[in-house]
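Residue-level listing of the chains:
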Amino acid sequence: MDKMDPKVSVISAWAELAAIAKTSGKPDLLARFQPARERLELGLFRLVVMGEIKKGKSSFINALLGFPGLLPVDSDIATSTVFKVMYGKEKAFRVFFRPDAESGKRPTPLLINPENLNEYGTEGGNPENIKNVDFIGVEVPCPLLANGLVLVDTPGVGGLYKAHRDITWAYAPNADGLLFVLDSVETVISQDEISFLKELTSKITKKVFFVQTKSDAAGSEQSKAWQDRNLDVLSKELGLPRDRIPYFTVSSKLKGVADKRNSLKHLTESGFPAIQGFIQNQLVKEKQKLLSQSLGRQLLAGAHSLRDDIAERRKIIVAAQQSGLEAIRKQYEDARSAFDKWSRVECPSEVKSFNQSFGDLKRGTLNKIVDELDPEGPMIISAIRNIRASELSPEQISEKAREIQNDSLVSICEFVNSTHQQFNKSATKIIEAAIARIGNGLAKTSINPESEFSIQQTQEQLKGIHLPDDLPTHFSTLDRTRDILMGGTLGYSIATTGIILTSALFPPLAAVAGIASILGIVVGAIKQSSDSSVRKKEEILAKLKGLLQSLMRKAQKAARDQLETICTKLERSTEQEIQTAMGAYRSHLEAKMQEISAAKNKTAAECKADVDSLAIQESKITAVLAKLNSIIKPAGATAP
Amino acid sequence: MTENWLDGFFHDPAVDGHSDHFLLAQDDSSHGIHAIHHGMIGTPEVDSQFHQHQETPFTCAVASQRMILNQFGIPVSESQLVYEATSHGWLSSTGTSTDAMGNLLSLHGIPTHSGQGIESLIHELSQGHKIIVGLDSEELNGIAPVFEDWIHPNGADHALVVTGVDLSDPNHPMVLLNDPAVPDGACKAFPMEQFLGAWNDNHCRFIATDDSPPNLISDPVLGHGFDSESKMYMDNQFWSNLALMVVGTVAKAAVESMLSAGGDHQDLAPAVSMETLTPEQREMLYYNI
């Protein structure tokens, strides 16, 4: 059996904390963290499967899931669409359509029978995607998928590098893992595949692993030899250490036999246990660990605030025992008037300055989008200029129209990707700075002198924080800021504001996927009419330019709309969240004043009982805090 | 205060000091605690007929699930279960991972939930549910008990079935187990304290079936006290009296709040899962993956 896994630990910490919170009269303490908990519980893991045609991709997925015939494997009919496979109690196939070009709305998904799959999912039934299919959703009662694993099967295409880039940009950036399928019979890894993998690993994701199928057809020696060759090539071309490339050789056929006969021997020979173990025990676990740590950090904030609250309560009772209630009442009264003054005078100006910085960022980003994605701008002009200067004949340009449009789309995706990343980074910084300032200002009003210290420390530490590029922001900086900011109830509630605010920031790559879905607009070859070759070329160039401009206009609109959505959400929540945090602190102070009044009338025996029970609660929280800390920063060795 | 407050449940000196007084509570003959039950929670005798010896060193969790499946009337061999677990990625040569411990039960249509703590475990037993726990086998068997936690604070390495808690001697509560590790592992008894120490290495977590095996209700002893309304063997009063008798007021309050809340695994039960997605959530998910 494994060591205690973080998911189990964090959920049990939740239960312990919930019990203490209930006893302490704060049953709603954890409500704010419910979304993080649900994220962990659903535990979505997006595994995107890619590879060239005829590599046995669909057979591999069917064998992996243990559902022969789930995805169409007929090699005569090329699958032309994306399949998204997730857990469902009953098998179901649903066709999802692209948004309508006019209204921008998506038609209702269509539930279909498996025998009708070809009408929507293949080139024969849906040539040039005239039915405007976005993808086909598949639900299947496979236990492998019950813990949140979802598969995205991308269409296998010949000449993968060129024809597959759109799909790659639409799905690879959001993938938690990318599985690349090679086989043991057709050919060792090709130059096309290498080019594709190079772009993938350098620009989009490094989370790629490899499966070599059809080991049964090749025989074990040949299959092994190809594995060695492929690993050599991959290691050399992609610059990865050979022994660090996750590479699995499998036979879907043997897995099928194994499933039919329940034969452990065939199962072992099929090579599937290794890859299933890798997916379940490494990939999915790693994601679970990240999600657990994210929830763990939030719970840590909750536990700190609860412990501080209980400590303050205990202080009040102790003061009552020592007839020191008046002094402590004075402290709270001072804190309250300082806080009231601060919230009247300083806070509005902090909020204003936040709005200003954020407004500047928004305008700057919008301008950048408008400039760069300008239908009359340099991107299109230089593309057209290059084609005009080339030796290409009008016929060739016409043939290449789709490819040229695809290339433009890829450039747009790259631009939007980097713009969104920059925007998120800057927005995160602005939010952090605002929260640090507000926290610092609030701390001056606080009765807890430790808070001020920790916030000073925060600002020191904030300077050193930089974001790793491949890390989604909501896992890193904000969580860290919040850890550091935790000085009493105050720091906690203001820091929680930060989480809520940055959760309004989209992961930048989702935006790219949105742009890439415009791809339905890309049209094929351009019809020619004129006969003079020069006029013909100009006419085709004009048509092409028109197409590229329309593409650019749509991309610009999509990018702007997305940015507007994020900004509106953020602007709207900022003031509201800050008000919530302030309200929470105000009622905290009120509650303490009431406790002070109540403490006055307590007998010595009652005071003693209170102090004892509060001490017990504190010690319980200390235990929970230790547990949460070990989830967030797992100790290396267990021996002392 | 001990590190895990659950440890103190049965051995808190403040509570144990009152035990003489609480023994008087057993005089509540209207519920006939002793006559019916002798302080035994669970059905260890019935369960012991289903004990299985694990066939390999790493199939403790598989064998434990097999015992329960067989008891629910699903005759399945260990090799079949090993195949299923392996082909789903739940089992490797290092064993079954903790979060996959009830998966074979679910696969065969026996729904399970997870829970934590000895009070919850007793509550499950009182409902006739079947329970699997992960724990540190060396600590359970008393090997290096002093240093064990110090060296391997999280050393859960073994899974087995908890079949009963014997409170007939309130000063020496025992836990009864069906241990797949040994051929004679049916109905093995361990002191509660020793069990808790070993179980604590797995944060006192367990997997329990949502239902009791179909034949329990006709059990000559337990079936007699089955309360169809609360779906419990013996009524709430019985269980709070038992708790009062054995461990005192704190425990009584805990048991009562547990009974009224229907067990405290509520806080551990997932709010969302792939199974419970609404059609709208599912559609959103489709667009976002």
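Residues numbered from 1 in each chain as written. Chains lettered and ligands numbered in written order. Predicted model: local features only at pLDDT ≥ 70, side-chain atom pairs only at ≥ 80, totals over all residues.

Asker: Please set out the overall build of chain A residue by residue, giving values where relevant.
Answerer: Assigned secondary structure in chain A consists of 21 helices and nine strands. Counting only residues that meet the buried cut, chain A has 44% of its 640 residues in that class. Of all intrachain contacts in chain A linking residues separated by at least 6 positions in sequence, the fraction that spans at least 24 positions is 82%. (Helix = DSSP H or I, 4+ residues; strand = E, 2+ residues; numbered from the N terminus. Buried ≥ 20, exposed ≤ 12 C-beta atoms within 10 Å, placed from the backbone. Contact = placed C-beta atoms within 7 Å.)

Asker: Account for the overall build of chain B, with residues named and values stated.
Answerer: When helices and strands are counted, chain B shows 15 helices and eleven strands. Out of the 289 residues in chain B, the part that is buried amounts to 49%. Long-range contacts, defined as pairs at least 24 residues apart, comprise 67% of the intrachain contacts of chain B with a sequence gap of at least 6.

Asker: Outline the pairing of strand β5 (residues 131-135) of chain B, listing residues and values.
Answerer: Residue and element names in this part refer to chain B. Summarising burial for β5: five of the five residues are buried, a large majority. Of the two faces of β5, both are covered, the one formed by Ile131, Val133 and Leu135 as well as the one formed by Ile132 and Gly134. With five bridges connecting them, β5 and strand β6 (residues 158-166) associate as antiparallel partners. Residue pairing for β6: Gly134 is matched across the bridge by Ala159. Examined bridge by bridge, β5 and strand β9 (residues 205-209) share three bridges and lie antiparallel to one another. When the bridges of β9 are listed, Val133 appears paired with Phe206. (Pairing = 2+ DSSP bridges.)

Asker: Outline the sheet that holds strand β9 (residues 247-249) of chain A, supporting the account with residue identities and numerical values.
Answerer: Residue and element names in this part refer to chain A. Spatially, β4-β3-β5-β2-β6-β1-β7-β8-β9 is the arrangement adopted by the nine strands of the open sheet, whose pairing is mixed. Strands at the two margins of the open sheet, each flanked by one partner only, are β4 (110-112) and β9. Across the sheet, the axes of successive neighbouring strands diverge by a mean angle of 25°, strand direction being ignored. (Axes fitted to C-alpha atoms, helices over the stretch in contact; angles between N-to-C directions.)

Asker: Any chance you could break down the pairing of strand β8 (residues 208-213) of chain A for me, citing the residues and the numbers?
Answerer: All names here are of chain A. Burial runs high along β8: five of the six residues are buried. Examined bridge by bridge, strand β7 (residues 177-183) and β8 share six bridges and lie parallel to one another. Counterpart to Val181 in the pairing with β8 is Val211. For the segment spanning β7, helix α7 (residues 191-204) and β8, crossover handedness is right-handed. (Right-handed = clockwise from strand over helix to strand, strands pointing away.)

Asker: So what about the interface of chain A and chain B? Which residues, and what values?
Answerer: With 51 residues of chain A in contact, the opposing surface of chain B contributes 46 residues. The set of elements that each furnish at least two residues to the side of chain A that touches chain B consists of α1 (6-23), α2 (34-42), β2 (82-87), β6 (149-153), α11 (264-270), α12 (272-321) and α21 (604-632) of chain A. When residues of the side of chain A that touches chain B are assigned to their parent elements, the largest contribution, eight residues, is made by α1(A). Looking at the side of chain A that touches chain B residue by residue, the class counts come to 26 nonpolar, 13 polar and twelve charged. (Nonpolar A, V, L, I, M, F, W, Y, C, P; charged D, E, K, R; others polar.)

Asker: How would you explain the packing of α2(A) against α12(A) if you had to name every residue and give the values?
Answerer: Residue and element names in this part refer to chain A. Between α2 and α12, whose axes approach to 9 Å, the crossing angle comes to 160°. Relative to α12, the element α2 is oriented roughly antiparallel. With respect to the hand of their crossing, α2 and α12 are arranged in left-handed fashion. For the pair formed by α2 and α12, the contact residues are Ala36, Arg37, Arg39 and Leu40 on the first element and Leu291, Ser292, Ser294, Leu295 and Gln298 on the second. Of the residues in the contact of α2 with α12, the class split is four nonpolar, three polar and two charged. (Parallel < 35°, antiparallel > 145°, perpendicular 65-115°, else oblique. Left-handed = near helix turned anticlockwise from the far one by under 90°.)

Asker: Any details on the packing of α12(A) against α21(A)? Residues and values, ideally.
Answerer: All names here are of chain A. Here α12 crosses α21 at 160°, and the two axes come no closer than 9 Å. As far as their axial angle goes, α21 and α12 are roughly antiparallel. Note that α12 runs across α21; the crossing there is left-handed. Within the contact of α12 with α21, the residues separate by chemical class into 20 nonpolar, five polar and six charged.

Asker: Describe the environment of B:His158, with residues and values.
Answerer: Position of B:His158 relative to the elements: it lies in strand β6. Sequence separation of B:His158 and B:Val133 is 25 residues, and the distance between their C-alpha atoms is 8.3 Å.

Asker: Please set out α7(A) residue by residue, giving values where relevant.
Answerer: In an α-helix, one turn spans 3.6 residues, which is why side chains three or four residues apart end up on the same side. Residues and elements named next belong to chain A. The first and last C-alpha atoms of α7 sit 19 Å apart over 14 residues, in line with the 20 Å expected at 1.5 Å per residue. Buried within α7 are the following residues: Glu193, Phe196, Leu197, Leu200 and Ile204. Down the axis of α7, the sector holding all buried residues measures 95°, keeping them to one side. With respect to the buried face of α7, the exposed residues turned more than 90 degrees away are Gln191 and Ser202. (Expected span 1.5 Å × (residues − 1). Arc of directions from axis to C-beta.)

Asker: How would you summarise unusual backbone geometry if you had to cite specific residues and measurements?
Answerer: All names here are of chain A. Positive phi outside glycine occurs at Lys214, with the angle close to 60°. Considering the arrangement of structural elements, one finds Lys214 in the loop between β8 and α8 (215-218). Owing to 22 C-beta atoms within 10 Å, Lys214 belongs among the buried residues under this scheme. Phi is positive for Ser323, close to 50°, though the residue is something other than glycine. By secondary structure assignment, the location of Ser323 is in the loop between α12 and α13 (325-372).

Asker: Can you explain the confidence of the model for chain A? Please cite residues and give values.
Answerer: Residues and elements named next belong to chain A. Of all residues in chain A, 81% have pLDDT values of 70 or greater, and the mean over the chain is 78. Per-element confidence in chain A is highest for β4, whose mean pLDDT is 95, and lowest for helix α16 (residues 449-463), whose mean pLDDT is 41. Within the model, pLDDT remains below 50 along residues 503-513, and this stretch shows 32 contacts once partners closer than five positions in the same chain are excluded. Low confidence marks residues 635-640, where pLDDT is under 50. Its contacts with residues over four positions away, or in another chain, come to five contacts. (pLDDT = per-residue confidence, 0-100.)

Asker: Describe α1(A), and please don't skip the residues or the numbers.
Answerer: For α1(A), built from 18 residues, the straight-helix expectation of 26 Å at 1.5 Å per residue is met to within 8% by its first-to-last C-alpha distance of 26 Å. Two residues or fewer past α1(A), A:Gly25 is found with a positive phi of approximately 75°.

Asker: Kindly report on the confidence of the model for chain B, identifying the contributing residues and their values.
Answerer: Residues and elements named next belong to chain B. Summing up the model confidence of chain B, the mean pLDDT is 72 and the portion of residues at 70 or higher is 63%. Taken together, the stretch residues 145-153 has pLDDT below 50 and engages in eight contacts with residues farther than four places along the chain or on a different chain. Note on residues 261-265: pLDDT under 50 across the span, and eleven contacts to partners over four residues away in sequence or across chains. Interface confidence for the predicted complex, expressed as ipTM, amounts to 0.76; the pTM equals 0.75.

Asker: Give me the lowdown on the nonpolar core, citing residues and values where you can.
Answerer: Counting 136 residues, the largest nonpolar core has A:Val48, A:Val49, A:Phe180 and B:Ile131 as its most contacted members. No other element matches the 13 residues that helix α20 (residues 533-600) of chain A contributes to this core. Residue-level mapping places this core at the junction of two domains, with at least three residues from each of domain 1 (44-270) and domain 2 (337-595) of chain A. Look past the residues within four positions of B:Ile131 in its chain and what remains in contact with it is B:Leu121, B:Glu124, B:Leu125, B:Val161, B:Val162, B:Phe206 and B:Ala208. Membership of the second largest hydrophobic core comes to 28 residues, among which are A:Ala18, A:Leu299, A:Leu614 and A:Ile631. (Core = buried A, V, L, I, M, F, W, Y, C linked by C-beta atoms within 7 Å. Domains from an automatic or database assignment.)

Asker: Kindly report on the environment of A:Lys7, identifying the contributing residues and their values.
Answerer: Along the chain, A:Lys7 falls in helix α1. Classification of A:Lys7 as buried rests on a count of 21 C-beta atoms within 10 Å. C-alpha of A:Lys7 to C-alpha of A:Glu41: the two residues are 34 residues apart in sequence and 8.5 Å apart in space. Once you skip the residues sitting within four places of it in the chain, A:Lys7 turns out to touch A:Leu40, A:Gln288, A:Ser292 and B:Asp99.

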